[in-house]
Amino acid sequence: MRVFTVSCLAVLTACSARAGDLFVGVFESETRANFGRDIPGEYRIEVAAVSQNKYEATIYHQGKLLEKKSLISCPVEKDDYLNKRAPGRAEVICYDSGYGFLHGFLSYSENGIYVPAVKEKYVKNPELVKQEGLKPGDPSLFELRHHKALYYAHVQWGVYGFRKINP
């Protein structure tokens, strides 16, 4: 009985230490309006702490298992999307793509991010591009949009906003 009590206390202590971890929990993709997908929750990521600063993420798409990734804490500079963020706390966990190259996988940005997007008037009326004498890639075609999601993940071929649904 005594061994059981000591084991439970050790487990509870470890769980409490992880409770405040930004990246431990379950995340679902945001709506399109907040840099997510057409179907909210289309992507789901479950992140568990393996040890200090090491994680394992399980990624699902429409309920189907896509992959598992081993992740580690890394510098904010490893996620380019955080280069254009509003001031505030930011953190990143990365995967090792081989030969020691780290790439951001799941990021936290306290005040969201800014992302260039084609101005709405050109989306609604593409002929305006020619009429105004603009060429593809012209900087005047774009504006910065502020997205307020706290989390952003690189899944499959895209980057999407996520919300934490379970700590």
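Residues numbered from 1 in each chain as written. Predicted model: local features only at pLDDT ≥ 70, side-chain atom pairs only at ≥ 80, totals over all residues. Heavy atoms only, no water.

### With respect to the side chain of glutamate 42
Then, number 1: Along the chain, glutamate 42 turns up in the loop between β1 (25–29) and β2 (43–51).
Then, number 2: For glutamate 42, a relative accessible area of 8% corresponds to the buried category.
Then, number 3: Engagement of the side chain of glutamate 42 in a polar contact is seen with the side chain of arginine 37, the distance being 3.0 Å.
Then, number 4: Setting aside chain neighbours within four positions, we find glutamate 42 in contact with Ser29, Arg37, Tyr60, His61 and Gln62. (Helix = DSSP H or I, 4+ residues; strand = E, 2+ residues; numbered from the N terminus. Buried < 20%, exposed > 50% of the residue type's maximum accessible area, 1.4 Å probe, protein only. Polar contact = N/O pair within 3.5 Å; in protein donor to acceptor, adjacent residues only side chain to side chain. Contact = heavy atoms within 4.5 Å.)

### Here's the deal with unusual backbone geometry
Then, number 1: The backbone of asparagine 53 shows a phi angle near 65 degrees, a positive value even though the residue is not glycine.
Then, number 2: Take asparagine 53: it is sitting in the loop between β2 and β3 (54–61).
Then, number 3: Despite not being glycine, tyrosine 99 has its phi angle at roughly 55 degrees, a positive value.
Then, number 4: Mapped onto the fold, tyrosine 99 is located in the loop between β5 (90–96) and β6 (102–109).

### What about the pattern of salt bridges?
Then, number 1: Applying the stated rule across the entire model yields 11 salt bridges.
Then, number 2: Ionic pairing is found between lysine 69 and glutamate 67, a salt bridge with its closest N-O pair at 3.6 Å.
Then, number 3: On the basis of relative accessibility, which here comes to 16%, the residue lysine 69 falls in the buried class.
Then, number 4: With its nearest N and O atoms 3.2 Å apart, the salt bridge here joins glutamate 143 to arginine 145.
Then, number 5: Classification of glutamate 143 by relative accessible area gives partly exposed; the value is 32%.
Then, number 6: Looking at arginine 145, the relative accessible area reads 27%, which means it is partly exposed. (Salt bridge = Lys/Arg side-chain N within 4 Å of Asp/Glu carboxyl O.)

### Considering the confidence of the model for the protein chain
Then, number 1: Of the residues in the protein chain, 89% reach a pLDDT of 70 or more, and the chain-wide mean stands at 87.
Then, number 2: When mean pLDDT is compared element by element in the protein chain, β3 scores highest at 98, while helix α1 (residues 2–18) scores lowest at 37.
Then, number 3: Here residues 1–17 scores under 50 on pLDDT; set against residues more than four positions off or in separate chains, the count is 0 contacts. (pLDDT = per-residue confidence, 0-100.)

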